[in-house]
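Given next are the chains, with one letter for each unit.
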Amino acid sequence: MPQLLIYLIQAVVLCLVVITGFAYLTWLERKLIARFQVRIGPNRAGPFGLLQPAADAVKAMFKEEYIPGHVDKFVYVLAPMLALAPALIVWAVIPIAKGVPAMGDVNIGFLWILAITGVESFGVILAGWSSNNNYSLLGALRSAAQMISYEIPLGLFLVSIAMLGGTFSLVELVETPRAPWEWIWIWIAFPFFFTSILAETNRSPFDLPETENELVAGFFTEYGGMKFSMFMMAEYINMITTSTVVSTLFFGGWQGPLADRYIWLGPVYLFIKVLALLFLFIWIRASISRPRFDQLMRFNWKFMIPAGLVYLTVSAVITVFLK
Amino acid sequence: MSDIVAPSTTVAGPLDVAGTLALVQEALPDAKPVSAGPTDYLEVAPDQLIEALQVLRDQGGCDLLSSITCTDYLSYQGRARAKDGPRFEVVYHLYSTAQGGDCVVLHVPVDDGESLPTATPVYPGANLQEREVWDLYGLVFDGHPNLRRILLWEGFEGHPMRKDWHEAYYEEDQKPFRSRHPRADFARSEDKVPWGKNTRYPADWDPDDWQEPVTYVPVSQDPRSRNGAGDHLSTESVVVNLGPHHPSTHGVFRMIVRIEGETVIALEPDMGYLHRNHEKIGERNTWLMNMPFTDRLDYINSMSNNWGYALAVEKLMGLEVPERAEYLRVIMAELSRIVNHLWSIGFILNDLGALQTPALYAIEEREMILDLFESVSGARMMCNYLRFGGVHRDLPAGWAERARYVVHERLPRALDQLDDLLSGNEIVNTRGRGVGYLSAEQLISLSVTGPMIRAAGVPYDIRRCEPYGVYDRFDFDIPTLPHSDVYDRYYIRLLEARESVRIVQQALAGLPEGDILAGKGGYVFRPPEGEAYGRVEGPKGELGFYLVSDGKPNPYRYHIRAPSYINLNALAPMTVGYKVADAIVILGAIDIVLGEVDR
């Protein structure tokens, strides 16, 4: 029983940390995009607009919880929760310091990530379906096709990295010593993996399920207030989560100078790495325009998946003969 | 990128208007030549109209049907016309894109209750304009493919541009107006209607039973569509309304799109949400009072709009403009062209999903130009700067230096920066190349003008074809691009903005001293009887003003040939067969402003 209580406290603390992270990620994104666009960004609420997320949260919570008459109510309410939950659940297996996973060390950490990200698309699809709106439906259809397609290269690269590390546990993976050439080989996969991540998290330039230019807001056109905020939370927490996964897989997670000796340094290093990756997300969003849907799918099936297969094959050969 | 540009193209020479009119007269001996003020035209009977248009198109070389409009002569007070003639005259203005020069004008007298044949088989571009004439005047065009109301809605009673249609309250027969104070003993007529205010409904029209006509939902226009064809997978198409409240329709514009998967198989534009019957207001105003109203047409370029109107009125009055004023007009119009093109480039990129960054970079430069406008005219957007015979104010001290800094230092660098960052971008190229193609011939037959046809390789620019102002004194090129796709429509605007920078640089260098306003000025003008069509190369295309004066202090007829509106003729043919995402970009690349489309 006390063990369960500890887990519960751990989970609540983790959720709070991640959700605070979400709030300040929106602030960071608005500030950064403003700088990219020769603007100032939020600067009214608190010093440097730091209270802006709080103001937004208050606003979202006090909005009327309006449910349009033409929707499938049960699914409509369920969808934002289904979108948000997986983004938080993935955190359970991520190591945040030496030997310390966020929740627990499971020996199938990789499969956990793949399985949970697979569930994510349900929230989006159900939201589009239940809204009973053409924009939402189109957004959901795009999302279904896009997320499922990009999960394939994502999985291929994940499997390659698991093979190289020789373990399915993220905690062990980070602690596995690696040769410099191995690091270089892994970093070659980083651009591909990151591209898949962009598509998987529906971030620009692959934000086709929610393209405001064509589909108004895509799958969450009919949502407002807190339910809308939950979709936003899902998107941003996904960004944080996937950034953490990427830094764990490609950049040694919590590792850094002296992190072995002082355990508290682990989260700090992880934070810095995640921040750098989040900056990359935002930078891309502010800089490039969006491909068309058919171009996006063609890119996946004709380039990303073959590239993933090649990478997988070579990694397998390396694992067998060089390790 | 410079290898695909064909600069400095010239036209073959001005169209021989008298000779072309003689051609028509030869074919149709009944056609009657008439002279009205500065304009000579031919009067053609309705049943001979198609023949006349065919002669003009096939033998006269007039491939561009620029403007169709109508005048209701019911309350005409001038002396030049016989009182007992037919009530309406439908007016056609035709140009030659190959030769340039002045226009050929046809008038078709039609009496109330008569109809006339549609010009769409000869010039498909007549489509929207004939619908507008039907909407505002109630003239039926026999054989028109889709003769529905376009600017007004189905529940509107009457045809408001008819001279015997009176707007509630503003055009009451009884004057002075009754008090509108709530305690006064009267009932407002708009309160009596069941459905809203300031409206009347046709007698047989019931707002509760009314449904959108089925023709609103377009059926497939795509020959490649698989719908219902043989043994293919049976799929269902969906109708999606893009607009009127939509982030990327550049205002309240609605595209009713039928899609199959992501592919557009039919598209129907729907407009008029911003309609305020500008032309009717124009007839109530004095000539000068219309000047600030023209600002509100294409609110991005009020300077060009002013110029189009001033040009038409000056033609009517025979006014000469002092040289300094001509130079100032060129400077202002070209600066506003740069503003427009920066804006339009930014928003094409926005429609490609570039999250405002390019748009804001472009708008940063626009602000510099708006500062200049503000200091010379007092307003940033609604400049109201031009007057008949000149401009309103002279330049304030130091203005020319600031303008020089902007056009020599800022703008060339800003345009180069946009070119560097955008033109070579992989995504811009894959999204823009080959999307929204229409051949030059199709575009011209659809009456499209402006950057759109120059991106199709037609060097048709009124500044070169029929120079107005002092454009013949400057050294500039008319850039053209060959591909006629979205990418070329983006890039042509960049090239044109560069040419405009060159023109402003030269105009600032050669700016003479002297008067800025000819004539005695004043508030009330009475131009002599007649009609005139003045047109300028607006940033969006040919902006024309068709004016009829009956010698009274306000225009008898005030019509605007709005380029955004007429360019929309090409929207459906350009979009069908492409994806939904392309539809947005194609619309963005037409570059419409709803203030001008809906008028």
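Residues numbered from 1 in each chain as written. Chains lettered and ligands numbered in written order. Predicted model: local features only at pLDDT ≥ 70, side-chain atom pairs only at ≥ 80, totals over all residues. Heavy atoms only, no water.

Trainee: Account for the packing of aromatic side chains, naming residues and giving values.
Mentor: Per the counting criterion, the structure on display carries 40 aromatic pairs over all chains. Between the aromatic rings of F279 of chain A and W283 of chain A, the centroid separation amounts to 5.8 Å while the plane-to-plane angle is 45 degrees, which identifies the pairing as tilted. Taken as a pair, F279 of chain A and W283 of chain A lie in helix α10 (residues 265-287) at a separation of four residues, close to a single helical turn. With a relative accessible area of 34%, F279 of chain A lands in the partly exposed category. Seen in terms of ring centroids, F545 of chain B and Y558 of chain B are 6.1 Å apart; in terms of plane orientation they differ by 45 degrees. Their pairing is tilted. (Phe/Tyr/Trp six-rings, centres within 6.5 Å; stacked < 30°, edge-to-face > 60°. Helix = DSSP H or I, 4+ residues; strand = E, 2+ residues; numbered from the N terminus. Buried < 20%, exposed > 50% of the residue type's maximum accessible area, 1.4 Å probe, protein only.)

Trainee: Kindly report on a negative patch on the surface, identifying the contributing residues and their values.
Mentor: A cluster of like negative charges, contributed by D105, E172, E175 and D260 of chain A, occupies part of the molecular surface. Following the sequence through the fold, D105 of chain A ends up in the loop between β2 (100-101) and α4 (109-131). (Patch = residues over 30% accessible without salt bridge, like charges linked within 9 Å, V, L, I, M, F, W, Y side chains within 5 Å. Areas by Shrake-Rupley, 256 points an atom, 1.4 Å probe, with all protein chains shown as cover. Salt bridge = Lys/Arg side-chain N within 4 Å of Asp/Glu carboxyl O. Lys, Arg positive; Asp, Glu negative; His and termini not counted. Charge placed at Lys NZ, Arg CZ, Asp CG, Glu CD.)

Trainee: I'd like to hear about the pattern of salt bridges, residue by residue, with values.
Mentor: Here the idea is simple: oppositely charged side chains can pair when their charged atoms come close. Here the structure, examined in full by the defined rule, presents 53 salt bridges over all chains. Salt-bridge contacts for E29 of chain A lead to R285 of chain A; the nearest nitrogen and oxygen are separated by 2.9 Å. With E29 of chain A in helix α1 (residues 2-36) and R285 of chain A in helix α10, this pair connects stretches of sequence that are 256 residues apart. With relative accessibility at 3%, the residue E29 of chain A sits in the buried group. A single salt-bridge network, built from bridges that share partners, covers E334, R337, R454, D461, R463, E496 and E537 of chain B.

Trainee: Which residues make up the interface of chain A and chain B, and what values go with them?
Mentor: How large an interface is tends to be reported as the accessible area lost when its parts come together. At the junction of the two partners, chain A supplies 24 residues and chain B supplies 34 residues. Regarding the contact of chain A and chain B, the summed buried area is about 2,400 Å², with carbon and sulfur atoms giving 54% of it. Counting the contacts that link chain A with chain B gives nine residue pairs in polar contact (both at pLDDT 80 or more). Residues that form the side of chain A that touches chain B fall into these classes: 11 nonpolar, five polar and eight charged. (Contact = heavy atoms within 4.5 Å. Buried area = accessible area lost by both parts, 1.4 Å probe. Polar contact = N/O pair within 3.5 Å; in protein donor to acceptor, adjacent residues only side chain to side chain. Nonpolar A, V, L, I, M, F, W, Y, C, P; charged D, E, K, R; others polar.)

Trainee: Give a detailed account of the layout of surface pockets, specifying residues and quantitative values.
Mentor: Residues and elements named next belong to chain A. Here the largest pocket is characterised by a volume of approximately 1,300 Å³. Around the largest pocket sit 48 residues that line it, and T26, R30, F228, M232 and Y236 are the ones nearest its centre. Those elements that place two or more of their residues in the lining of the largest pocket are α1, α2 (52-62), α8 (212-215) and α9 (225-250). Considering only residue class, the lining of the largest pocket consists of 22 nonpolar, 13 polar and 13 charged. (1 Å grid on protein atoms, 1.4 Å probe; cavity = no way out; pocket = protein on both sides within 12 Å on 5 of 7 lines; lining within 4 Å. Points joined across faces, edges and corners; volume = space filled by probe spheres on them.)

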